[in-house]
Amino acid sequence: MGPWTYFAPFWLGTLVAAALYGSSYEQLPPLSKAGYVLAGGLGCPVLGVICQVVMVATQGAFAQVLPVPWGRTIRGGGAVFTGALLLVGVLLGVVAGLLWMEELFTATMVIGVIGVLAVAAAVLGYIWNIPAAVRDFGVRDFTAGE
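Below is a summary of the structure that appears in this document. Just so we're clear, the structure is a prediction, and the values are computed from it rather than from any experiment. (Residues numbered from 1 in each chain as written. Predicted model: local features only at pLDDT ≥ 70, side-chain atom pairs only at ≥ 80, totals over all residues. Heavy atoms only, no water.)

## What to know about the nonpolar core
Inclusion rule: Side-chain atoms within 4.5 Å are what join buried Ala, Val, Leu, Ile, Met, Phe, Trp, Tyr and Cys residues into a set we call a nonpolar core. Classification of residues uses two cut-offs on accessible area relative to the type maximum, computed with a 1.4 Å probe and protein chains only: under 20% is buried, over 50% is exposed, and between them is partly exposed.
Formed by Tyr6, Val56, Leu66, Val68, Ile74, Ala79 and Ala133, the largest nonpolar core amounts to seven residues. Core analysis: the next-biggest nonpolar cluster, separate from the first, contains five residues, Ala57, Leu85, Ala118 and Ala122 among them.

## What to know about unusual backbone geometry
Here is the rule: Here a helix means four or more residues in a row that DSSP labels H or I, a strand means two or more in a row labelled E, and each is numbered from the N terminus.
The phi dihedral of Gln64 is positive, around 60°, even though this residue is not glycine. By the element assignment, Gln64 lies in the loop between α3 (33-63) and β1 (65-68). Even without being glycine, Glu103 reaches a positive phi, approximately 60°. Structurally, Glu103 is set in the loop between α4 (77-101) and α5 (105-129). Judged by relative accessible area, Glu103 falls into the exposed class, the value being 59%.

## Considering a nonpolar patch on the surface
Let me state the cut-off plainly: Only residues whose relative accessible area exceeds 30% and that take part in no salt bridge are eligible for patches, with like-charged residues grouped when within 9 Å of each other and nonpolar side chains (Val, Leu, Ile, Met, Phe, Trp, Tyr) grouped when within 5 Å. Note on areas: these come from Shrake-Rupley sampling with a 1.4 Å probe, and a residue is covered only by the protein chains present in the view. A pairing counts as a salt bridge when a side-chain nitrogen of Lys or Arg comes within 4 Å of a carboxyl oxygen of Asp or Glu.
Judged by side-chain polarity, Val94, Leu98, Trp100, Met101 and Phe105 come together as a nonpolar surface patch covering roughly 570 Å² of accessible area. Counting residues per element, the nonpolar patch draws most heavily on α4, at four residues. Residue position: Trp100 is located in helix α4. You can call Trp100 exposed: its relative accessible area is 54%.

## Quick notes on α5
Put simply, the rule reads: Expected helix span is given by 1.5 Å per residue-to-residue step, counting one fewer step than there are residues. Working rule for contacts: check all heavy atoms of both residues, and any pair within 4.5 Å makes them a contact.
Here α5 spans 36 Å end to end across 25 residues, near enough to the 36 Å set by a 1.5 Å rise per residue. Its buried side turned inward, α5 meets β2 (72-75) and α4.

In short, the description is geometric, and any link to function would need to be established separately.
Below, the structure is given as C-alpha cells:
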C-alpha cells in the first residue's frame with residue numbers, strides 16, 4: 001500500500017468537505033471574505049484529518065494492526081484497545097459538537113470531556129505499546145531457520 005492509498009481518507013475527506021462548503025457557503029452566517037476563506041481553509045482539512053484518524057482507529061480496532069513510524073506495527077490487544085478508544089473519542093467529539101450547535105452546553109461539556117479522556121487514554125495506550133511493536137519490513141535470513 002503506497003502513501004496515496006493509505007492517505008486517501010484524508011484527501012477524500014478534504015475534497016468532499018470542500019465540495020460541500022463550496023456548494024452551500026451562502027447558508028453560513030455573514031462573515032468577511034477572510035472569514036469564509038479561513039473557515040474553508042481550516043475546516044476542510046480538519047474533516048480530512050478526522051477521516052484519516054477514523055481509518056487508522058478502525059484498522060486498529062478491527063484488523064488488530066496500528067502503524068508505528070520506522071516500519072513497525074502494534075499488533076493484537078494493544079491495537080484493539082487503542083483503536084477502540086480512539087473510535088469512541090472521535091464519536092463522542094462529533095456528538096459533543098452537535099450538542100454544542102444545539103446550545104446544550106452542560107451535555108456538551110460532559111460528553112466532550114469523556115471524549116477527550118478517551119483520546120488521551122488511546123494516546124497513552126499507543127505510547128505504552130510502541131516498545132512492543134514488531135518490525136514489518138526488513139531483511140530476513142531464511143537460511144537460519146526462522
